[in-house]
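# Descriptive structure summary
What follows is each chain in one-letter form.
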Amino acid sequence: MTWKKLSNIRFGYECPDIYELPLDGDPKKSKWVLQDAKGSYIVGQFDGKTFTKEQDPLLMDVGPDFYAAQTFFRPNFPTKALIQIAWHDHWNGGVGEKGWERHATFPVEVGLVTYEGRMRITRTPIAGIKTLYKGTKTWKNETLADGKNLLAGVKSKTFDLTAVFDLKETNATGITFRIANVPLKYDIKAQMFHGMRAHKHKFIPIPNKPKALKPDANGLLKIRMLVDWSQLEVFSAGGVFSYSANLPFTPKDSSLGLTATGGDVKLVSMTMNEVGRIWPKASE
């Protein structure tokens, strides 16, 4: 095989990927996306030789542990969906595990939408995850009271949770999810998600690096969390918000928490699905 250089673009850092997506679901508004290892991407046109960007780079995932994402070859799939998996590690040293070099993210379908005047990548967990569900709990029209744990007595280490909060009239300052020993906070006033990250086998808060996460035009905040032992992935805003973190949840602790701070918050609905194994245990 003989390679010939056709063009050059000043963008990115290793592990590139390039693909074409319809903008807002319209195939007549097709755009090309060029991304690098850290999830930075540019949107534009590609004629087979030259990539012409149409806006400045953005990040498709704002968590600390998203790296080297790659999409699958679409003709190999029964649908036209663009499926992506990333390496769930970003040079953080792991969480003290032995025997493997971290793991992969949950597979997601990648899309492209117009959001706040810019073309933005969306990442949405694939529908096939539902085939792993083995138990469901639901809540509707609950009041998340200041300091009261709505999930008291609920235990899980592998789950898919979606919660919808009505923030239009709340006087609370924040919402906190707790997974085992790790708190994950949403600042209602600042509209920021404060995650955690692993560092030298311990978790540390990163309040100086919060991530913007806005309610929709109706004041509703919809958050989806996928959790599997040391794996946390958070999605919101139709997939525009994506946050991946590799965290050292206490191994023997499967307790959960959901509390408000400074006031009450209306929980419109919440569904929690226990996620089963994708392969049998060694003894089975």
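Now for a description of the structure that goes with this document. Computed from a predicted structure; not experimentally measured.

Rules used in this analysis
Residues numbered from 1 in each chain as written. Predicted model: local features only at pLDDT ≥ 70, side-chain atom pairs only at ≥ 80, totals over all residues. Heavy atoms only, no water. Buried < 20%, exposed > 50% of the residue type's maximum accessible area, 1.4 Å probe, protein only. Helix = DSSP H or I, 4+ residues; strand = E, 2+ residues; numbered from the N terminus. Pairing = 2+ DSSP bridges. Phe/Tyr/Trp six-rings, centres within 6.5 Å; stacked < 30°, edge-to-face > 60°. Lys NZ or Arg CZ within 6 Å of the ring centre and 35° of its normal.

Here strand β13 (residues 182-187) shows one buried face, formed by Val182, Leu184 and Tyr186, and one open face, formed by Pro183, Lys185 and Asp187. Note: strand β12 (residues 174-179) against β13, 6 bridges, orientation antiparallel. Bridging across to β13, Arg178 finds its partner in Pro183. Counting the residues between successive antiparallel strands, the hairpin from β12 to β13 contains 2 residues, one of them, Ala180, with a positive phi of roughly 55 degrees. In sequence, β13 turns back onto strand β14 (residues 192-194) through a hairpin of 4 residues, with Gln191 there showing a positive phi of about 55 degrees.

To continue, consider the packing of aromatic side chains. The tally for this structure, following the rule as stated, stands at 6 aromatic pairs. Relative to Phe77, the ring of Phe72 lies with its centre 5.6 Å away and its plane at 65 degrees, an arrangement referred to as edge-to-face. Consider the rings of Phe193 and Tyr243, whose centres lie 5.0 Å apart with planes at 75 degrees: the pair is edge-to-face. You can see Phe193 sitting in strand β14 and its partner Tyr243 sitting in strand β20 (residues 241-246), a full 50 residues away along the chain. Across this residue pair, the class does not change: Phe193 and Tyr243 are buried. The positively charged end of Lys157 is found above the aromatic ring belonging to Trp229, 4.4 Å away from the centroid.

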